[in-house]
Amino acid sequence: MSQSFLKRRLSQWGSALLVACTLPACTSSKPTAEGLSAVPQADYKPRVATRDDAAQDGAKDERREKAPAGAVAQAMRPVAPKAAPHEFAERELDDGSAGEGAPMAEPSAVMMAAPPPPSPATLGGAPMSMEAAKRAAPGPSKSMPGLPMRKPAQDRLAPADADTQHQGNTFEHWKPNAFTETAKDALSTFAADVDTASYTVARRYLQQGNLPPASAVRVEEFVNYFKYRYAPPEKGAFTVHLEAAPSPFDSKRHFVRVGVQGKVVSRSQRKPAHLVFLIDTSGSMASQDKLPLAKEAIKIAVKNLNENDTVAIVTYAGSTRDVLSPTPATDVKRIHAALDGLESGGGTAMGSGMEMAYKHAVKKASGQVISRVVVLTDGDANIGSVSPESMLESIRKYVAEGVTLTTVGFGMGNYRDDMMEKLADKGNGNSFYVDSYKEAKKVFETQLTGTLEVIAKDVKLQVEFNPASVSRYRLVGYENRDVADKDFRDDKVDAGEIGAGHNVTALYEVELVKGARESLATVRVRAKPPNGTEASEQAFPLERSLLRDSLEAASPDFRFALAVAATADVLRGNPAAEGWSLATAQKLAEGAVGGDADRAEFVRLVTQARALSGASARGR
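Residues numbered from 1 in each chain as written. Predicted model: local features only at pLDDT ≥ 70, side-chain atom pairs only at ≥ 80, totals over all residues. Heavy atoms only, no water.

So, the environment of Ala349
Here comes step 1: Mapped onto the elements of the fold, Ala349 is located in the loop between helix H8 (332–340) and helix H9 (350–364).
Here comes step 2: What makes Ala349 buried here is its relative accessible area of 12%.
Here comes step 3: Taking the C-alpha atoms as reference points, Ala349 and Thr315, separated by 34 residues in sequence, lie 10.0 Å from one another. (Helix = DSSP H or I, 4+ residues; strand = E, 2+ residues; numbered from the N terminus. Buried < 20%, exposed > 50% of the residue type's maximum accessible area, 1.4 Å probe, protein only.)

This is the structure we're talking about:
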């Protein structure tokens, strides 16, 4: 080996180490964002999450599945600084994963004093994501000489990658629904769900060059992120649209789509609204994609409120502050001044803030006023002096008095998705995640203020399959919305809410009985009026005439919803989707975009997911 060759090689190693030491592992400076619409890098910190037993959730807990973390995966995990455990944590790990709660930032493994020469796939012995390689690269070329960027070879991150890339974010894992023999159990019952947080979280992971953790993917929230062209009901609160067509993945199976469309109430026609914004101003909210973006989001909401609407602001950090008493939404100057004066700092005590916000909200709650608490946080919360159980019990109490709850998540690195979803579920509201100014406009301009009025509560759906026509079925998603069949007509059992203009979509994968000519199923919807206690029930038959001869003959909405559900099932590693192809899902979506910007973006995300999946069986 020549001396000149050795000099060149040593020079490359030295350059790589120099670049590596500009990463967060070697510096105490915090990265900053340039504009709210960009994807900023948060001040990430590893922490240890604990699991709070949620046995009180009854039948839903039966769907949970804690996956063991193997000894090999544990050995591969980098040692993280131990943080105080958070009381309100419900973290579970995916099969084969050493931990899915790691941030999206550059690898933070400690550099060794005398590291071995870097390989093309690693930097300083720590796995390096595609996005991290781009950020670390010097100069406009966005690549490092001698260090080609690494592309994962499978559709799920290896244990070490999962830990270094996602630490701090916590999600709850749910066991996917299995196929059910219709002859043994013809009923499938679940609560309506219009949350969308899971899709937005997954989108952020993909845009930053990583596949989302499997437990972060909830199929129903992927599907319901998008709007479908269902005709509104001619009378009543909602109507149901049914359709079925052959599967693009298995010639022996079909898919059934159940679409529920709520009645539309214009902004000028809806009841007056009283919104209490509960804002997390703790130190963890400092980065541009957290508190600054949250303040802009509230300004968007205020702009879209009516003259009879009112706004209040409560903040919580080390202590709770009553920042703005109920103020007319038209007093924009006063509201903006209150928001502009907010700064981050201190610890987190969500419980006391929640109590103060609800006390504000309940004062105006009535059958004639929409009263809602809107929580804006990264979810990195201890509860303070209030226990998780008592806080959830308080939320249930206020729901009975007519106050609903919306949770909106911001940022990455310590995002508590599990807690945000649980709070919204108990508060009869919705869970969203905002990763950009564009998403803030979508949530606070359309989804929040446009659908403030609840048109039906405790909405349950029950599909009764005809065993003469359907031999087996499985509901794709909705695992954490499962309702016992016997509770369908028990009006004391809590379920989901539908706001004005909302649509809810669910898909079933079914196996049909050859030669059958009978109807496939009957779909029943049971719900209470917004201020009522007695539910009414409607039934909608899935006739054989609604079964299309080919997938091409199905509506664009059917094909797009199927593409989204299939992509989510692949990303979460559902065994039932083992042989499915992301390429097929992408092609299906491309043919149903119809000029919709959100759908076009989804197609691009599937392309990104396929690239990250490499040559795995499901991603080819």
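Let's talk about helix H12 (residues 437–448)
Here comes step 1: Those residues of H12 that fall on the buried side of the exposure criterion are Glu439, Ala440, Lys442, Val443, Phe444, Gln447 and Leu448. The buried residues of H12 all sit within an arc of 165° when viewed along its axis, so they share a single face. (Arc of directions from axis to C-beta.)

Considerations on the sheet that holds strand E8 (residues 310–316)
Here comes step 1: Pairing is mixed across the open sheet formed by six strands, whose spatial order is E9-E8-E7-E10-E11-E12. Of all the strands in the sheet, just strand E9 (320–328) and strand E12 (431–434) have a single pairing partner and so form its edges. Ignoring which end each strand starts from, the neighbouring axes of this sheet average 20° apart.
Here comes step 2: Looking at chain direction, strand E7 (residues 273–280) and strand E10 (residues 370–377) are connected through seven bridges and run parallel. Paired with Ile279 across the strands is Leu376, a residue of E10.
Here comes step 3: Where helix H11 (residues 417–426) meets the sheet, it contacts E10, strand E11 (403–410) and E12, and its direction lies at approximately 165° from that of E11. (Pairing = 2+ DSSP bridges. Axes fitted to C-alpha atoms, helices over the stretch in contact; angles between N-to-C directions. Contact = heavy atoms within 4.5 Å.)

Observations concerning the side chain of Asp195
Here comes step 1: For Asp195, the location among the structural elements is in the loop between strand E4 (187–191) and helix H5 (197–207).
Here comes step 2: You can call Asp195 buried: its relative accessible area is 1%.
Here comes step 3: A distance of 2.9 Å separates a polar atom in the side chain of Asp195 from the backbone nitrogen of Ser431.
Here comes step 4: Beyond its immediate stretch of four places on either side in the chain, Asp195 contacts Glu221, Asn224, Glu421, Gly429, Asn430, Ser431 and Arg481. (Polar contact = N/O pair within 3.5 Å; in protein donor to acceptor, adjacent residues only side chain to side chain.)

What about the pattern of salt bridges?
Note that side chains of opposite charge can pair when their charged atoms are close.
Here comes step 1: Per the counting criterion, the structure on display carries 35 salt bridges.
Here comes step 2: In this structure, Asp195 and Arg481 form a salt bridge, with 3.0 Å as the shortest nitrogen-oxygen distance. Note that Asp195 is positioned in the loop between E4 and H5 and Arg481 in the loop between strand E14 (470–476) and strand E15 (496–499), a separation of 286 residues in sequence.
Here comes step 3: Between Asp435 and Arg203 there is a salt bridge, with its nearest N and O atoms 2.9 Å apart. (Salt bridge = Lys/Arg side-chain N within 4 Å of Asp/Glu carboxyl O.)

Quick notes on the nonpolar core
Here comes step 1: Ranked by size, the top nonpolar core spans 44 residues in total, and within it Phe222, Val223, Phe226, Phe560 and Phe602 carry the most contacts.
Here comes step 2: With eleven residues, the single largest contributor to this core is helix H13 (residues 556–571).
Here comes step 3: Those residues in contact with Phe560 that lie beyond four places of it in its chain are Phe226, Tyr228, Ala589, Ala592, Arg599 and Phe602.
Here comes step 4: With 36 residues, the next largest nonpolar core counts Leu242, Val256, Leu461 and Ala506 among its residues. (Core = buried A, V, L, I, M, F, W, Y, C linked by side-chain atoms within 4.5 Å.)

Here's the deal with the packing of aromatic side chains
Here comes step 1: Tallying each qualifying case throughout the model produces 16 aromatic pairs.
Here comes step 2: Taken together, a centroid distance of 5.2 Å and an interplanar angle of 75° make the contact between Tyr225 and Phe226 edge-to-face.
Here comes step 3: Owing to a relative accessible area of 2%, Tyr225 belongs among the buried residues under this scheme.
Here comes step 4: Seen from their ring centres, Phe226 and Phe560 are 5.0 Å apart, and the 80° between their planes marks the pair as edge-to-face. Remark: Phe560 occurs in helix H13 and Phe226 occurs in the loop between helix H6 (219–223) and strand E5 (238–246); sequence separation between them is 334 residues. (Phe/Tyr/Trp six-rings, centres within 6.5 Å; stacked < 30°, edge-to-face > 60°.)

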